[in-house]
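Per-entry structural report
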Amino acid sequence: MSTLNPSPPADAPSPAQGSPAEGAPRRYMGRPEDDQQVGTSGQAGRAAPVRELWLHIPANTQTLIQVPELGAATGTELTTDQRAEIQRCGLCEQVAYHASFDQYWKMPTHGALLAMPKHYNIAMPQAHRVKVISKLVKADQPKGFWLHVRLRSDEEMALASE
């Protein structure tokens, strides 16, 4: 169980349960062979929850703060355990930088934006797969870096290491 995004409880209903017609056969992605797997196996048919989070790096402190969305500046600072979890299984898929209009000349280069997750030991896919956003914002809006991090499952990390 992750300290960042806990898994759902074991008694939570799976997506296959609670369909409008309980007795009717259910098609999964249009493949009849998958109907049996989804309907008969409780855990095997349940997709793992996607664990994603936004991290904000304020320009003045350079600390990692977990925020609810891109552009938000208030949240909770990461604990040591949470940072270790992100360094272990995190994958940064998007990097954003917001600067004020009067500071446009301080806008980092594309290469500097791509290098930011590496400073925090967060893994990244190949550079062409990372979405990079740089934007000018009004003076009263939050500024700094935002990282969109997806926490990979152990199976995905095993496949990536092969």
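One structure accompanies this document, and this report is about it.

So, how was this worked out
Going along each chain's sequence as written, the residues are numbered from 1 onward. Under the rules for a predicted model, residues below a pLDDT of 70 receive no local features and side-chain atom pairs below 80 are neither given nor counted, while totals for whole chains, interfaces and linings still include all residues. Water and hydrogen atoms play no part in the side-chain values, which are based on all heavy atoms of the structure. Helix and strand labels come from DSSP, where a helix needs a run of H or I of at least four residues and a strand needs a run of E of at least two; each type is numbered from the N terminus. Relative accessibility thresholds used throughout: buried, under 20% of the residue-type maximum; exposed, over 50%; partly exposed, between the two (1.4 Å probe, protein chains only). Residues count as neighbours in contact if any of their non-hydrogen atoms are within 4.5 Å of one another. Two aromatic rings from Phe, Tyr or Trp, using only the six-membered ring of Trp, form a pair when their centres are within 6.5 Å; if the ring planes differ by under 30 degrees the pair is stacked, by over 60 it is edge-to-face, and anything between is tilted. Here, the arc refers to the directions that run from the helix axis to the C-beta atoms. Working definition of a nonpolar core: buried Ala, Val, Leu, Ile, Met, Phe, Trp, Tyr and Cys residues. They are joined through side-chain atoms within 4.5 Å.

Secondary structure summary: the protein chain contains 4 helices and 6 strands in total. In sequence order, the secondary structure elements of the protein chain are arranged as α-β-β-β-α-β-α-β-β-α. Considering the protein chain as a whole, with its 162 residues, one finds that 31% of them fall into the buried category. The long-range fraction of contacts in the protein chain, counting pairs at least 24 apart against all pairs at least 6 apart in sequence, stands at 71%.

So, about the packing of aromatic side chains. In the structure shown here, the tally under the stated rule is 1 aromatic pair. Measuring from ring centre to ring centre gives 4.7 Å for Tyr 97 and Phe 145, while their planes differ by 55°; the resulting arrangement is tilted. Here Phe 145 lies in strand 6 (residues 144-151) and Tyr 97 lies in strand 4 (residues 90-100), a separation of 48 residues in the sequence. A single burial state applies to Tyr 97 and to Phe 145, both of which are buried.

Of all the residues in helix 3 (residues 110-119), the buried ones are Leu 113, Leu 114, Met 116 and Pro 117. The buried residues of helix 3 occupy an angular sector of 135° when projected down its axis, which confines them to one face. In helix 3, the exposed positions that point more than 90 degrees away from the buried face belong to Lys 118 and His 119. Buried residues along helix 3 sit in contact with strand 1 (51-57), strand 4, strand 5 (131-137) and strand 6.

The next thing to look at is the nonpolar core. Core analysis: the biggest nonpolar cluster contains 22 residues, and Leu 55, Ile 86, Ile 122 and Leu 147 have the highest contact counts within it. Residue assignment for this core shows that the elements contributing at least two residues are strand 1, helix 2 (80-89), strand 4, helix 3 and strand 6. Other than its neighbours up to four places away in sequence, Leu 55 contacts Leu 64, Ile 65, Gln 66, Leu 78, Ile 86, Ile 122, Phe 145, Trp 146, Leu 147 and Val 149. In this structure, Trp 54, Val 67, Ala 96 and Trp 146 belong to the second largest nonpolar core, which totals 6 residues.

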